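Observations on the model geometry
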Amino acid sequence: MSKTVDQQILQQYECGAARFSDKTGHEHYQRHLLFDHVVWPDEASQRERFEAVARSLRDLLAQRWLLTDQTYDRENPKRVYYLSMEFLIGRALTNNIVNLGVEPYVREELQSDPHQDWKEVVETEPDAGLGNGGLGRLAACFIESLATLQIPAVGYGLRYEYGIFRQAIENGYQMEQPDHWLAQPDPWEVTHPRQTVQIPIACRFELQDGMLRAVPGHATHLLGVPYDRPVVGYGGQTINTLRLWGAASPDHFNFGEFSSGDFVGAIVDRVLAETVTRVLYPDDSTQAGQALRFVQEYFMVCCSLADIVARFRRTNDDWRLLPDKVAIQLNDTHPAMAVAELMRLLLDEAKLGWDEAWDLTVGTLAYTNHTLLPEALEKWPVQFFELVCPRLLEIVYEINRRFMTDVQQRYPGDHPRASRMSLIEESGGRQIRMANLAIVGSHSTNGVAQIHSDLLRTRVVADFAEMFPERFNNKTNGVTPRRWLLAANRDLAGLISESIGDTWITDLGELRRLLPLTDDESFRSRFRQTKRAAKERFADWLKSTTGQIVDPDTIFDSQIKRIHEYKRQLLNILHVIVLYDRLRTDPSITLPPRTFFFAGKAAPAYRLAKLIIKLINNVGRVIDEDPVSRGRIKVVFVPNYNVSVAERLIPATDVSEQISTAGYEASGTGNMKFMMNGALTIGTRDGATIEMAEEAGEEHFFLFGLNAEQVASSRRWYSPRWHYENEPETRAALDLIFNDYFSRDEPGIFNPIRESLLDHGDYFMHLADLTSYADTQQKLGTLYADSDAWVRKAVVNVACAGKFSSDRTIAEYAAEIWNALPCPIR
Ligand code: 26V
């Protein structure tokens, strides 16, 4: 394409991007439809139509993408690099259309194809499920906000061929199926083979009894091939990059075996090398400990740092400028090897001295912690380092030697403190403590909500906060309002824009201007209608995809998130059983009809979490079959929770369940999505829910239960048995479970739940909070009956959700951690 045509496209694009002539949009679409798959356009499948639409949009943004990079290279601003093992991006089509501002054009020209079924086109795009949950989805919201704020940034991660497993429910049990999301070519990604990087690995891999084993010696290389995805900022000006690395083996891989005649062995090695990026580990929150996960982390860090350093060197010849030009954010400790690898680059490649290299490393890196669960803090066996990257181990030892000297100097004779702070854990086989490494090797450590940052400082890593108080800070999470309100809830977004204009899309604080409209009856009635329409849409979708039928006239109550004991899905279902038992005892009680939605995946090895899924499903079936409860309460487990399911269910929800044991949910981000979509929250004083209630006023929230301090201080004397023995409703609900009322065909299956609650101390204090939870649910039900009062509160919640835009969060990271400024694209 000639430059002049490029310029024309760009010009049209700049004129509001409202329309493209047939020469650009429609023709691109038709061309892709015919040529990419060599099919007659009449006969193309909806999937092929999706690819053609996506390709024509990519054509549209290609030059702007190049221009973005060109501008950064020319202006040489400080750049931000977000390193994350997970990016839970979901689908890209609708979001790219919205952010490019080309919706009218797509509707008129790309959707005008008579053989196209737009809904199906959208549905044929698989979710990019390259993450487990909150941490991965946060990374996806962050890169969108970075692009919208026009901050020069790259997201770095891995191109897993298999994302988070697909969840099927069979006889109430979770079944895991592989998610081969790349089975068909992904139209968004662009590979740049010339920017491939070489990663040294000090061992080779072998198959032994079907297990991958690392075998010492025989140093080799892996190749990191970059696959780029466009990250479109709202308004379509800035197109940043998400660069995902795929593992490959060099062509001369194990040439030794090759020439010695072991042809098959060499091919097997090759396949094994390429398995490094085959699959996402589905084990959120407990450390899996497998060597392959370690290699994944090492591979991601090495590829990304090589790339970052190469880009830095293209425009800077003085290493001392590194912290002025580069900010690297570590999303949890998963990329914490970056501390050692950056040191290695500065020492071995740049030939700097230790002290200078150290100052540059600390000045460049920053670390975000995402969990307070001790079992989720990463530790890697020293042996793994020895096998895979012995040079990094040498460097970690030297970092630790110097750090321990500092600790001794600062706290002479305090040996317990020194051993707590050491980067190396000596008990039970030597291990490297990745959180300690990240804190020592960076200039910033942040938590993701105020309470979380406070607990981090005062409990989890108190020794470090004492030694480096200036490093610790809070950055309360946020979510992107483009995906979670504008695109997911067109009706509500439209009503808001009609009422207060559309500046809220990039300045969510503007939502406060809705507050006076709580008194406007016609606004309230339209607000109510948007919720009702969303509920109907969800009910239709659920029926057509799972066959389950739900009634939009009932309260839609949702708890959707990973299944984990601390998140307390068990508390929710216990309350449902309490309600059911009340109905059995006295069917004449008033009870507003409610549908309880649950959705979420359990880690495949987490037995109790999987049993909770089974319990939810079994309770749902019994309630459905009993005439006393049918039509009054209903439990629905929506299978295969993912970003797309969340986009449908959140707008349709009246009640958001945020009921974690206080002090355990670092922040939560689903809570924020519900708030901006007009749900009322029932929740504990945990994570960002505390700040949400502060913004809206506690009187607009349904808070209950023990707070974090009470949880910690009552542990010593807490007795779940006391609750069982002294609270009739608690006892009745538990007895129904324990007496196999919900498991007639499989007696005894719920025994582990009884053991956890009554014999092993109910660590997450379900029974301590059950009565206060049930009381608060009752108040909530009463309020729902007063539909006007309910809507007023819902509007206040939306109006006060402004703080929870990831734009605000990213602006704070940029100002307080990265010192990075916008670099607008002309
Ligand atoms: C740990 C592991 C261990 C090894 C295998 C893969 C894997 C994946 C994830 C994790 C840690 C999960 C931490 C996490 O997702 N934390 C959540 O982060 C959210 C964003 O900050 C926050 O809102 C949630 O409260 C927090 O639970």
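Residues numbered from 1 in each chain as written. Predicted model: local features only at pLDDT ≥ 70, side-chain atom pairs only at ≥ 80, totals over all residues. Heavy atoms only, no water.

**Re the sheet that holds strand S23 (residues 702–703)**
Keep this limit in mind: A strand pair is defined by DSSP finding two or more bridges across the two strands. By definition, any uninterrupted DSSP run of H or I lasting at least four residues is a helix, any uninterrupted run of E lasting at least two residues is a strand, and each is numbered from the N terminus. Note on definitions: a residue-residue contact is assigned when non-hydrogen atoms from the two residues lie within 4.5 Å. Axes here mean lines fitted to C-alpha atoms, for a helix over just the part in contact, with angles spanning 0 to 180 degrees between N-to-C directions.
What the six strands build is an open sheet, ordered S20-S19-S18-S21-S22-S23; its pairing is parallel. Each edge of the open sheet is held by one strand with a lone partner, namely strand S20 (633–637) and S23. Note that strand S18 (residues 555–560) and strand S19 (residues 594–599) share six bridges and pair parallel. Bridging across to S19, Gln559 finds its partner in Phe598. With respect to the sheet, helix H22 (residues 521–546) is in contact with S18, S19 and S20, its orientation differing from that of S18 by roughly 65 degrees. Against the sheet, helix H23 (residues 569–585) contacts S18, S19, S20 and strand S21 (655–658), and its axis sits at roughly 155 degrees relative to S19.

**Concerning the environment of Pro200**
To be explicit about the condition: Throughout, exposure labels follow a simple rule: accessible area from a 1.4 Å probe, protein chains only, divided by the maximum for the residue type, with under 20% read as buried, over 50% as exposed, and the rest as partly exposed.
Locating Pro200 in the fold gives a position in strand S8 (residues 197–208). Its relative accessible area of 38% is what places Pro200 among the partly exposed residues. Along the backbone, Pro200 and Ala487 are 287 residues apart, and their C-alpha atoms lie at a distance of 43 Å. Setting aside chain neighbours within four positions, we find Pro200 in contact with Thr220, His221, Tyr298 and Val388.

**Some remarks on the site of the ligand**
Quick reminder of the rule: In this text, near means that some heavy atom of the residue lies within 4 Å of the molecule or strand in question. Under this definition, polar contacts are N or O atom pairs within 3.5 Å; protein pairs additionally need one hydrogen-donor-capable and one acceptor-capable atom, and for neighbouring residues in sequence, both atoms have to be side-chain atoms. Exposure was quantified through the Shrake-Rupley algorithm and a 1.4 Å probe, taking into account, for residues, occlusion by the shown protein chains and nothing else. Classification used: nonpolar for Ala, Val, Leu, Ile, Met, Phe, Trp, Tyr, Cys and Pro, charged for Asp, Glu, Lys and Arg, polar for all others including Gly.
As a structural note, the neighbourhood of the ligand is formed by 21 residues, with His370, Asn477, Glu665, Ser667 and Gly668 the closest of them. Within the backbone of Ser667, one N or O atom sits 3.0 Å away from an oxygen atom of the ligand. Coverage of the ligand by the protein amounts to 95% of the 600 Å² it exposes when considered alone. Ranked by the residues each element gives to the shell around the ligand, the list is headed by helix H7 (residues 134–148), at three residues. By residue class, the composition of the shell around the ligand is six nonpolar, 10 polar and five charged.

**What to know about unusual backbone geometry**
Unusually for a residue other than glycine, Gln150 sits at a positive phi of about 60 degrees. Examined against the element boundaries, Gln150 turns out to sit in the loop between H7 and strand S4 (153–158). For Asp332, which is not a glycine, the phi torsion comes out positive at approximately 70 degrees. The topology assignment puts Asp332 in the loop between strand S11 (326–331) and helix H12 (338–349).

**Re the side chain of Arg433**
Positionally, Arg433 belongs in strand S15 (residues 431–433). Only 3.2 Å separates the side chain of Arg433 from the side chain of Glu425, close enough to count as a polar contact. In contact with Arg433, other than residues within four places in its own chain, are Glu378, Lys379, Ser419, Arg420, Met421, Ser422, Leu423, Ile424 and Glu425.

**Structural notes on the packing of H12 against helix H13 (residues 354–364)**
Cut-off, in case you're wondering: Just so you know how the angles are binned, under 35 degrees is roughly parallel, over 145 roughly antiparallel, 65 to 115 roughly perpendicular, and the rest oblique. Each crossing is labelled by how the near helix is turned from the far one, with a counterclockwise turn of less than a right angle marking it left-handed and a clockwise turn marking it right-handed.
Viewed as axis vectors pointing N to C, H12 and H13 meet at an angle of 140 degrees, and their least axial separation amounts to 9 Å. Of the possible angle classes, the one that applies to H12 and H13 is oblique. Crossing hand, H12 versus H13: right-handed. Where H12 abuts H13, its residues Val339, Leu342, Met343, Leu346 and Leu347 lie against Trp354, Ala357, Trp358, Leu360, Thr361 and Thr364. Within the contact of H12 with H13, the residues separate by chemical class into nine nonpolar, two polar and no charged.

**Here's the deal with the pattern of salt bridges**
Rule in force here: By salt bridge we mean one thing: a side-chain nitrogen of Lys or Arg within 4 Å of a carboxyl oxygen of Asp or Glu.
Tallying each qualifying case throughout the model produces 60 salt bridges. Between Asp735 and Arg731 there is a salt bridge, and its shortest N-O distance comes to 3.8 Å. With a gap of four residues between them, Asp735 and Arg731 both fall in helix H30 (residues 728–738), about one helical turn apart. Here Glu812 ties to Arg808 by a salt bridge, and the two come within 3.3 Å at their closest N and O atoms. With Glu812 and Arg808 both in helix H34 (residues 806–818) and four residues apart, the pair spans about one turn of that helix.

**Quick word on the pairing of strand S1 (residues 79–83)**
The element S1 is extensively covered by neighbouring structure, given that five of its five residues are classed as buried. Burial of S1 is two-sided: the residues Arg79, Tyr81 and Leu83 facing one way and the residues Val80 and Tyr82 facing the other way are all buried. Bridging between S1 and S11 involves five bridges; their strand directions are parallel. Bridged to Tyr81 within S11 is Ile328. Taken together, the four bridges between S1 and S4 define a ladder with parallel strand orientation. Along S4, the bridge assignment pairs Val80 with Ala153.

Functional significance is not addressed by these values, which are geometric in nature.
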